[in-house]
Amino acid sequence: MRFLVFVLRRLAATALTLAAVSVLSFLLMDLAPGDFFDDMRLSPQMTPETAAALRARYGLDKGFAERYSAWCKSALKGEFGVSMAYDMPASKLLAPRLKNTLLLGGLSMIVAWLVSFPIALLAAARRHSWVDRAVQAATAAALALPEILFGMLLLLAAAKFGWLNSEVVYLENATVSQLLGKMLLPGLVLAFAAFPVIVRNLRTALIEAAEAPFVREARAAGIRGARLWLGQILPAAANPIITLLGLSAAGLIGGSVIAETLFSWPGAGPLFIESIMGRDAHIVLDLALASAALLAAANFASEILLYAADPRLRAEGGGRTPR
Amino acid sequence: MKGRALRTFAVGYLALLVLALALAPWLARHAPEQQNRDCPCAGPGWQYLLGTDELGRDVWSRLLHGGRISLGAGLIAAGLSVGLGLLAGAAAGLSRGLLRRMVLALAELFLSVPWLYLLLAIRAFLPLTLGPGQVLLLVSAVIGVAGWARPGRLLAQMAAEVREREYVEAAESFGAGRWYLMKRHLLPELLPLAATQFLLLLPGYVLAEVTLTLFGLGVGEPAASWGNLLAPLRHPATAANCLQLAAPLPLLALLVLSCELLSRDRARQ
């Protein structure tokens, strides 16, 4: 029951935030000079009358309140407005793009965690050893190369050594190996950016948990090695690890714009840049909202997990946001 | 000992970078926009220290002059974000009720959209084509405003916490005015935090300029910026032939590393 109240409260807060984001984006758009059809005035087929007719068709000549309510109505219908560049309901354009982004982001996150986890565990277990120092140095170096820098380096290396296959792949009917081939480089950028953050925080969380009195007791009782680290210390570090999970997911959402655009992965990122250039207002708004919704979902999932993992929160939290 | 060596390295690198960028007109022999169509994509040599780009412009000169734009945009933007953050801190510290809650709610709202999406969305609604000077200001302003919430929330929370301390309440009960509270109790707590935040934000903001420009939303040609130097590398043919255009990459990586070292150093103190 308490859990239900907690969930409902969080959902309501998220809905409120998203509504506020949509209103503010609409206001921003209103202040912005120019619209989609301004960029088309150079086209010889574009007379001022045609532009005016098209503006009327997409409702650009109406006032702020009317346009916002029209967008809200279409959002309730599940269409989320209309793309002027593609002349189709936004949802049809966005759905496959978001699916691709989630696929790439999800796989990169799994890879990043699979690589980071044993490394962090090893560094924490052999603290102050040469392994630990090497891991520290490696993560410091990786931190100096955020998505944009590592992505450019990878792009250069790919151009130099011919890793970029220019083969055209239609994702709908691609084989798994073709799909993985297309995802390799952008996925590597995302995983590489997540790697130092995960390793550093995970190592700290594990070391903190390893200093608890009960771990000393367990050591004295002769519990060692994998039984100690995986059976005793890891569960005790569950809270920071879950928080880290949400954090790394949030990092991926932002970083995906860079990775996808640099390596032309047909996700939400390149579409976002494209619609900004073309002033395709509803698509910009929808994608900003979708990214906020994804971020909220990641935070929400980690809060639910925390709630499930930590009996203390269930006992005393009373539906308050766990920290 | 090791920490000190690293700090010396970080400070030394930043000082050297700023010095080189400040002396750009004297260190570079060619104007950044001067083209020499006879030798496009020339390798490093005596006439062109780092070679030329695909229009035959001196990469060394463009690197130095572009660094002024990129680092300048980062510095202005970080200053703006921290300044807005201090304003938020002051608002949250001096008022107890509605204003404090509004500041915190606004920060949450800005933080609810992922950073790069927020940055691009705000950029989306501003004019696309502008002169070089305007673009520098516009890009810095967009980055600075988009990023205010991170330092803003932190400083507002800190200010709210300081305001509730007993000695501050005591001062208030003695009749201390708002400006006295601000000067005597809030600012001494907020300023060091703001300085650390500045260091933390700076590399990300320089990279934000690079990202915006790389995607065609920042500083346009023919002006030089680090993002502008890197942009042609997105074409595989240029990337294979004109590797000297990647010169900003190591400088940026060292900038990120140095700021990271210094801010961690400050946080530890």
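Check the entry above for the structure.
Presented here is an overview of the structure given in this document. This structure is a prediction, so every number in the text was calculated from the model and none was measured.

Regarding the side chain of serine 70 of chain B
Residues and elements named next belong to chain B.
Then, number 1: Of note, serine 70 is situated in helix 3 (residues 59–94).
Then, number 2: At 2.8 Å, the side chain of serine 70 forms a polar contact with the side chain of glutamate 209.
Then, number 3: Not counting chain neighbours up to four residues away, the residues in contact with serine 70 comprise Val206, Glu209, Ser225, Trp226 and Gly227.

Some thoughts on the interface of chain A and chain B
Then, number 1: Each side of the interface is counted separately: chain A has 43 residues, and chain B has 37 residues.
Then, number 2: Taken over both partners, the interface formed by chain A and chain B buries close to 3600 Å², and the fraction arising from carbon and sulfur atoms is 81%.
Then, number 3: On the surface where chain A and chain B come into contact, there are zero salt bridges.
Then, number 4: Joining chain A to chain B, the criterion identifies one residue pair in polar contact (both at pLDDT 80 or more).
Then, number 5: Where the side of chain A that touches chain B is concerned, the elements lending two or more residues are helix 1 (2–31), helix 5 (130–143), helix 6 (147–161), helix 10 (238–262), helix 11 (268–278) and helix 12 (281–309) of chain A.
Then, number 6: Per-element accounting of the side of chain A that touches chain B gives the leading share, eight residues, to helix 6 of chain A.
Then, number 7: Classifying every residue of the side of chain A that touches chain B gives 34 nonpolar, six polar and three charged.

With respect to the packing of helix 4 (residues 90–125) of chain A against helix 10 of chain A
Residues and elements named next belong to chain A.
Then, number 1: Put simply, helix 4 and helix 10 touch, their axes get as near as 10 Å, and they point 130 degrees apart. The angle between the axes of helix 4 and helix 10 places the two elements in the oblique class. In this structure, helix 4 meets helix 10 at a crossing whose hand is right-handed. Listed contacts from helix 10 to Thr101, Leu104, Gly105, Met109 and Trp113 of helix 4 are Ile241, Leu244, Leu245, Ser248, Ala249, Leu252, Ser256 and Glu260.
Then, number 2: Here the residues of the contact of helix 4 with helix 10 sort into eight nonpolar, four polar and one charged.

Observations concerning the pattern of salt bridges
Then, number 1: One pass over the full model with this rule turns up 10 salt bridges over all chains.
Then, number 2: When the shortest N-O distance is used, the salt bridge between arginine 127 of chain A and glutamate 211 of chain A registers 3.1 Å. One end of the pair, arginine 127 of chain A, is in the loop between helix 4 and helix 5; the other, glutamate 211 of chain A, is in the loop between helix 7 (176–210) and helix 8 (213–220), and 84 residues separate them in sequence.
Then, number 3: Arginine 163 of chain B is paired through a salt bridge with glutamate 172 of chain B; the nearest N and O atoms lie 2.6 Å apart.

Focus: a nonpolar patch on the surface
Residue and element names in this part refer to chain A.
Then, number 1: There is a patch of nonpolar side chains on the surface, built from Leu103, Leu107, Ile110, Leu114, Val176 and Leu180 and spanning about 560 Å² of accessible area.
Then, number 2: Secondary structure elements with two or more residues in the nonpolar patch: helix 4 and helix 7.
Then, number 3: Among the elements that make up the nonpolar patch, the one with the highest residue count is helix 4 (four residues).
Then, number 4: In this fold, isoleucine 110 is placed in helix 4.

Focus on the environment of glycine 89 of chain B
All names here are of chain B.
Then, number 1: Within the secondary structure, glycine 89 sits in helix 3.
Then, number 2: When its relative accessible area of 0% is taken as the criterion, glycine 89 is described as buried.
Then, number 3: When the C-alpha atoms of glycine 89 and phenylalanine 9 are compared, they prove to be 33 Å apart, with 80 residues separating the residues in sequence.
Then, number 4: If sequence neighbours within four positions are ignored, glycine 89 has contacts with Leu155, Ala156, Ala159 and Leu190.

How each quantity is defined
Residues numbered from 1 in each chain as written. Chains lettered and ligands numbered in written order. Predicted model: local features only at pLDDT ≥ 70, side-chain atom pairs only at ≥ 80, totals over all residues. Heavy atoms only, no water. Helix = DSSP H or I, 4+ residues; strand = E, 2+ residues; numbered from the N terminus. Polar contact = N/O pair within 3.5 Å; in protein donor to acceptor, adjacent residues only side chain to side chain. Contact = heavy atoms within 4.5 Å. Buried area = accessible area lost by both parts, 1.4 Å probe. Salt bridge = Lys/Arg side-chain N within 4 Å of Asp/Glu carboxyl O. Nonpolar A, V, L, I, M, F, W, Y, C, P; charged D, E, K, R; others polar. Axes fitted to C-alpha atoms, helices over the stretch in contact; angles between N-to-C directions. Parallel < 35°, antiparallel > 145°, perpendicular 65-115°, else oblique. Left-handed = near helix turned anticlockwise from the far one by under 90°. Patch = residues over 30% accessible without salt bridge, like charges linked within 9 Å, V, L, I, M, F, W, Y side chains within 5 Å. Areas by Shrake-Rupley, 256 points an atom, 1.4 Å probe, with all protein chains shown as cover. Buried < 20%, exposed > 50% of the residue type's maximum accessible area, 1.4 Å probe, protein only.

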